[in-house]
Amino acid sequence: MARSIKKGPFVDGHLSGKVQKARESGDKRVIKTWSRRSTILPSFIGYTFAVHNGKTFVPVFVTENMVGHKLGEFAPTRTFRSHVKGEAKGKRK
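To start, this report covers the structure provided alongside it. (Residues numbered from 1 in each chain as written. Predicted model: local features only at pLDDT ≥ 70, side-chain atom pairs only at ≥ 80, totals over all residues. Heavy atoms only, no water.)

**What to know about the overall build of the protein chain**
Note the cut-off: Strands here mean DSSP runs of E at least two residues long; helices mean DSSP runs of H or I at least four residues long; both are numbered from the N terminus. Every radius of gyration here is taken over C-alpha atoms, with the globule rule written as 2.2 Å times N^0.38, N being the number of residues. Any residue under 20% of the maximum accessible area for its type is buried, any over 50% is exposed, and the rest in between are partly exposed; the area is computed with a 1.4 Å probe on protein chains only. By definition, residues are in contact when any of their heavy atoms lie within 4.5 Å. Method for areas: the Shrake-Rupley scheme with a 1.4 Å probe, in which residue coverage is limited to the protein chains shown.
Counting secondary structure elements, the protein chain contains 2 helices and 3 strands. The linear arrangement of helices and strands in the protein chain, starting from the amino end, is α-β-β-β-α. Relative to the compact-globule value of 12 Å for 93 residues, the protein chain shows a C-alpha radius of gyration of 18 Å, a clear excess of over 25%. Projected onto the principal axes, the alpha-carbon positions of the protein chain cover approximately 65 × 35 × 20 Å. Out of the 93 residues belonging to the protein chain, those deemed buried represent 29%. The contacts in the protein chain between residues at least 6 apart in sequence include a share of 41% that link residues at least 24 apart. Working note: accessible area of the protein chain is about 7,300 Å², and carbon and sulfur atoms make up 54% of it.

**Digging into the pattern of salt bridges**
Spelled out, the test is: For this analysis, a salt bridge means a side-chain nitrogen from Lys or Arg found within 4 Å of a carboxyl oxygen belonging to Asp or Glu.
On inspection of all chains with the given rule, the structure shows 2 salt bridges. In this structure, R37 engages D12 in a salt bridge whose closest nitrogen and oxygen atoms are separated by 3.1 Å. Taken together, the residues R37 in the loop between β1 (31–33) and β2 (48–52) and D12 in the segment before α1 (13–25) connect sequence positions 25 residues apart. Residue classification places D12 among the buried residues on the basis of a relative accessible area of 10%. One salt bridge in this structure joins D27 and R29, with 3.0 Å as the shortest N-O distance.

**Details of the nonpolar core**
Within soluble globular proteins, side chains that are nonpolar generally end up buried alongside one another. Selection criterion: Among buried residues, the Ala, Val, Leu, Ile, Met, Phe, Trp, Tyr and Cys ones that are joined through side-chain atoms within 4.5 Å form a nonpolar core.
In this structure, L15, I31, F44 and F49 are the most contacted members of the largest nonpolar core, which totals 16 residues. Mapped onto this core, the elements with two or more residues apiece are α1, β2 and β3 (57–61).

**Some points on the side chain of N53**
Using the following cut-off: Any N or O atom pair separated by 3.5 Å or less is treated as a polar contact, with the protein-specific requirement of one donor-capable and one acceptor-capable atom, and with residues adjacent in sequence counted only for side-chain atom pairs.
Examined against the element boundaries, N53 turns out to sit in the loop between β2 and β3. Look at N53 and you get buried, because its relative accessible area is 17%. Within the local environment of N53, its side chain forms a polar contact with the backbone nitrogen of K55, the two atoms lying 3.0 Å apart. Here the side chain of N53 touches T56 through a polar contact of 2.8 Å, landing on its backbone nitrogen. What N53 contacts, discounting residues up to four positions off in sequence, is R36, V58, A75, P76 and T77.

So this is what it looks like as structure tokens:
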């Protein structure tokens, strides 16, 4: 279910504070965050976030098309190891 329009988009307070400080100082350094649940706002455009995926920090450069999505959508938590064909896996009959 979607979030209520009355409440507005969710952004962690510490993350919005980091973005605001970066805007005031004109700093374009990577903003490190564990907040995968935060919604991307228009004020985030042009900044790079290092989003934690459970193991490492994945760099995510925010563009206009990402507004309204969550930061965690752009930092996958699972690594896909391809479907291996028969011989490489072991002989199956």
